[in-house]
Amino acid sequence: CLEEGKELLRRFTYILDVQCLEEGIKALSSELGLPRPHVKRGIANDSLHQMTTRERIGNDEIYDFIVKRNRRDIELYEWSKGLSLVKCSELTSTPVDDDLLHVDDDADDLEIGNVSETEQPTSQPTPAKNPHEDTSKHNAIRAMQIHNYKLGRALLLNVHITHHGGTTVCNAMKQLGHAPEGACNRGDDWPETVPKYRPWGYDETDENAKALRNVYHFISWEFGIIPPTPLKEVKWESPNLVSFIVMKDPIDRRLSGDATTSKLFGEEADRTEEQWEAFAKYDGSINFMLTRLTPDHCGEEGENATIACLEHGKELLRRFTFILDIQCLEEGLEALANELGLPIPDVKKGRGRTSMSARERIGNDDIYDFIVGRNRLDLELYEWSKSLSLVDCSALDEGDFDDDLNVADAGDVDQFSDAINYNYTLNATDYSDDKFDAEDDSVFNNQSDSKSTNEELGSEISLASNNITNQDNINIDDRESIRALQIENYKKGNALLLNIHITHHAGTTFCAAMKHVGNTPEHACNNGDDWPDSVTQHRPWEYNETDRNAIELRKVYHFISWEFGIIPPIPLENVNWESPHLVSVIVMKDPIDRRLSGDGTILKMFGKEKYRSEEQWWEFAEYDGSINFMLTRLTPDRCGTEGENTTEECLETGKELLRRFTYILDVKCLDEGLEALAGELGFSLPYLNKDSGKTQVSARERIGDDELYEFILRRNQRDFELYEWSKGLSLVNCSALEEELFDDDDDNNDIINNDDDFNDSAGNDGNVL
């Protein structure tokens, strides 16, 4: 409902905020080329309207009750300020909210008339800043900071609010370079010329950052206390400083246990109602973030903290180089590493998430709502910060409604977001790494040297290879010889089965089937708690680490999956797909059927398919986030994003990668493909309902508009060609199944494809189209 309201507001030409209505009307007149009107407030000095709504109501319980019943309206209003023609919070003095609080909305309180130039007010309204101008300037500063970091000239600094993932961040950064020992705050080799107090003043930022970068690549400033000097005084725009902050839901933060909390209010699991009430009323953590981020500790006012206080917090956050969200901290650290040209740190995913919400943990709605009310501005700041987060966590746990055969399933819970190219929207609980104790617990595993190569493991790999077969006669260009060795190794327990899972390409079905065969990672087959410490969790692997990682993982799992909803951070072609220790599989799918696979983001953006209006269908068709989705992920230069202008060369690059995979399956007959795969690799599958999930309605019929269908097809033509071409390499020929599966006189030799049949039928270039 809230999103529908936002969607309508976006369609209006202008939005004004009654908090500064006169300035808004004047700005509107200026926009339309009209004389600036004289606007006279009729009740601006009314003492009643100098009071807050809470004061006017005079009863906290009644006020909170009204707030709860109108929560969505409050959220809509706060959100609308971002689109307002004039940003009231940026005016030197925010006008009193007279009309909003007055029952007689606009009846008699405005007198409007044209005035001459000499009658114009001397104080000019502050127009809304041009967001494009601000963004452009900020991006230029960020680009310089990132460039200098890569050259070894800029320091990486985490502004660490206590219980905001600081230990995990510190441990990750220690993998990537030298950092102060302990909590990365200070160390024995700290330069004597640099003070250990924090934060720095504006004029000392440049020199301190340069001096520290000579020793460390990363440091952390932790603020459990209120900073002794305001954080806004730091020169965050310094080219010698790359700053970031990890944001966290303030209610989840309040529930992060530490020794002080336990002493004051008991352990959470054993807390009485009286202790919970005392916990809720404790003033030491009210608007904890804002109180540390703003210069006048304005967040301490709790539910009475002003919107101006919130805007101060936002203004500071805008100045940081990066913002991460603790809901998907590991993915954020991966994205940060990519931005800074660093190896991806090994951070154990999956720990720290709780299946219980904060409301469930507290177990009392009144107490929960009371805590929410006292920390309302912190909540608003956190929600707002998500729009600036390097990774949009809302994508990661959306789950796909339709990843397999146009039917709902449990979803792919391990999608990874590409904040640069796509704006997905995650539903997760507390992805905290620091719950229930005083130490900001790490979800981090101690890792071995991530730079070790296959040469260091030469004897191990050679031993494993000698136990399998003689590799001396392998022709690297001979696909069948390579496949034969990979298959033999898998059967002997010396090769790993890996699914390259393009999101909505049946990853859930594939994973579920493989769980019946042997051990797989628990989280959508992408990662798990028993993942070996010696194997990185980033994906894809580089060429030289493929053998080593595959051998180590096969000791634990027979199968894993790599899901790519995002564009891979390094090209898939870099992987050693010819490794004798890796059996690779990809499931291919008609790109238009894939476009029609519903997920939470698509539903929010374009509505449910069966209720979609013509306008929504065209918006769906014109959406750039899914153009040539397969090619964009399979090719090294994302060439598929050119849509109908995508070149033949791009298509050939995709084909070249597909040829290197051990197997290709077609989602049209996935169950038969899985059975054939089982036969190839020597294992048994559970019962597969071959007709389940298959739809009898074509994509053209589902769309219901030939012009619209052809438009989508043109934009995804190269993906369509790649899919049609891939059928020639598919382990099972789905079209043969449809025609001959029930013909008892047929020996079904043409159902299972082989390269000879493919080359004969497709021609020299293998182009079935």
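In what follows, the structure referred to is the one given above.
None of these values were measured; they are calculated from a predicted model.

Chemist: Explain the overall build of the protein chain to me, and be specific about the residues and the numbers.
Modeler: When its secondary structure is counted, the protein chain shows 33 helices and ten strands. Taken across its 769 residues, the protein chain has 52% of its residues classed as buried. Accessible surface computed for the protein chain: about 35300 Å², of which carbon and sulfur atoms make up 47%.

Chemist: Lay out the state of the cysteines with the relevant residues and their values.
Modeler: Throughout the structure, instances matching the rule amount to seven disulfides. The disulfide partner of C669 is C734, and the gap between their sulfur atoms is 1.9 Å. With the S-S dihedral at roughly -75 degrees, the linkage between C669 and C734 falls on the left-handed side. With C669 in the loop between strand 10 (663-666) and helix 28 (670-681) and C734 in helix 32 (residues 734-740), this pair connects stretches of sequence that are 65 residues apart. For the pair formed by C669 and C734, the shared burial category is buried.

Chemist: Please give an account of a negative patch on the surface that cites residues and values.
Modeler: Residues E61, E273, E274, E277 and D366 make up a contiguous surface patch of negative charge. Of the residues forming the negative patch, the biggest block, three residues, is contributed by helix 12 (residues 273-281). Of note, E273 is situated in helix 12.

Chemist: How would you summarise the sheet that holds strand 6 (residues 322-325) if you had to cite specific residues and measurements?
Modeler: An order of 4-3-5-6 is seen for the four strands of this open sheet, with the pairing classed as parallel. One side of each edge strand has no neighbouring strand; the edge strands of this open sheet are strand 4 (218-223) and strand 6. Neighbour to neighbour, the strand axes of the sheet diverge by 25 degrees on average, direction disregarded. Taken together, the six bridges between strand 3 (residues 155-161) and strand 4 define a ladder with parallel strand orientation. Paired with I161 across the bridge in strand 4 is F223.

Chemist: I'd love a proper account of the packing of helix 12 against helix 17 (residues 365-374), names of residues and values included.
Modeler: The geometry of helix 12 relative to helix 17 is characterised by a closest axis approach of 9 Å and an angle of 10 degrees between their N-to-C directions. Here helix 12 lies roughly parallel to helix 17, going by the angle between them. Of the residues in helix 17, those in contact with E273, W276, E277, F279, A280 and K281 of helix 12 are I367, F370, I371 and R374. For the contact of helix 12 with helix 17, a count of residues per class yields six nonpolar, no polar and four charged.

Chemist: An account of the pattern of salt bridges is requested, with residue identities and associated values reported.
Modeler: Enumeration according to the criterion identifies 32 salt bridges in this entry. A salt bridge links D369 to K68, with the shortest nitrogen-to-oxygen separation between them at 3.4 Å. One end of the pair, D369, is in helix 17; the other, K68, is in helix 4 (residues 60-69), with 301 residues separating them in the sequence. Across the pair R72 and E75 runs a salt bridge, and its minimum N-O distance is 2.9 Å. With R72 and E75 both in helix 5 (residues 71-80) and three residues apart, this pair spans about one turn of that helix. By relative accessible area, E75 is classed as partly exposed at 27%. Among the ionic contacts, a cluster of salt bridges with common partners joins K68, R359, D365 and D369.

Chemist: Break down the environment of S256 for me, citing the residues and quoting the values.
Modeler: Its place among the elements puts S256 in the loop between helix 10 (250-254) and helix 11 (259-265). Given a relative accessible area of 2%, S256 falls into the buried group. Residues S256 and T162, 94 residues apart in the sequence, show an inter-C-alpha distance of 9.8 Å.

Chemist: A description of the pairing of strand 7 (residues 496-502) should follow, citing residues and the corresponding values.
Modeler: Burial runs high along strand 7: seven of the seven residues are buried. Burial along strand 7 is two-sided: L496, L498, I500 and I502 facing one way and L497, N499 and H501 facing the other are all buried. Bridging between strand 7 and strand 9 (residues 582-588) involves five bridges; their strand directions are parallel. Bridge pairing links I500 to I586 in strand 9. Pairing between strand 7 and strand 8 (residues 559-564): six bridges, direction parallel. Within strand 8, the position partnered with L497 by the bridge is F559.

Chemist: Break down the side chain of R548 for me, citing the residues and quoting the values.
Modeler: Among the secondary structure elements, R548 is positioned in helix 22 (residues 543-554). When its relative accessible area of 12% is taken as the criterion, R548 is described as buried. Within the structure, the side chain of R548 is placed 2.9 Å from the backbone oxygen of S534, a separation counted as a polar contact.

Chemist: So what's going on with the nonpolar core? Residues and values would help.
Modeler: Formed by 35 residues in total, the largest nonpolar core has its most connected members in I219, W236, I245 and L293. Secondary structure elements with two or more residues in this core: strand 3, helix 9 (205-213), strand 4, strand 5 (241-247), helix 13 (288-293), helix 14 (307-319) and helix 18 (376-385). When residues no more than four places from it in sequence are discounted, the contact partners of L293 are I161, L231, I245, L316, L317 and L381. With 34 residues, the next largest nonpolar core counts W531, W541, A550 and L658 among its residues.

Rules of the game
Residues numbered from 1 in each chain as written. Predicted model: local features only at pLDDT ≥ 70, side-chain atom pairs only at ≥ 80, totals over all residues. Heavy atoms only, no water. Helix = DSSP H or I, 4+ residues; strand = E, 2+ residues; numbered from the N terminus. Buried < 20%, exposed > 50% of the residue type's maximum accessible area, 1.4 Å probe, protein only. Areas by Shrake-Rupley, 256 points an atom, 1.4 Å probe, with all protein chains shown as cover. Disulfide = S-S within 2.5 Å. Patch = residues over 30% accessible without salt bridge, like charges linked within 9 Å, V, L, I, M, F, W, Y side chains within 5 Å. Salt bridge = Lys/Arg side-chain N within 4 Å of Asp/Glu carboxyl O. Lys, Arg positive; Asp, Glu negative; His and termini not counted. Charge placed at Lys NZ, Arg CZ, Asp CG, Glu CD. Pairing = 2+ DSSP bridges. Axes fitted to C-alpha atoms, helices over the stretch in contact; angles between N-to-C directions. Parallel < 35°, antiparallel > 145°, perpendicular 65-115°, else oblique. Contact = heavy atoms within 4.5 Å. Nonpolar A, V, L, I, M, F, W, Y, C, P; charged D, E, K, R; others polar. Polar contact = N/O pair within 3.5 Å; in protein donor to acceptor, adjacent residues only side chain to side chain. Core = buried A, V, L, I, M, F, W, Y, C linked by side-chain atoms within 4.5 Å.

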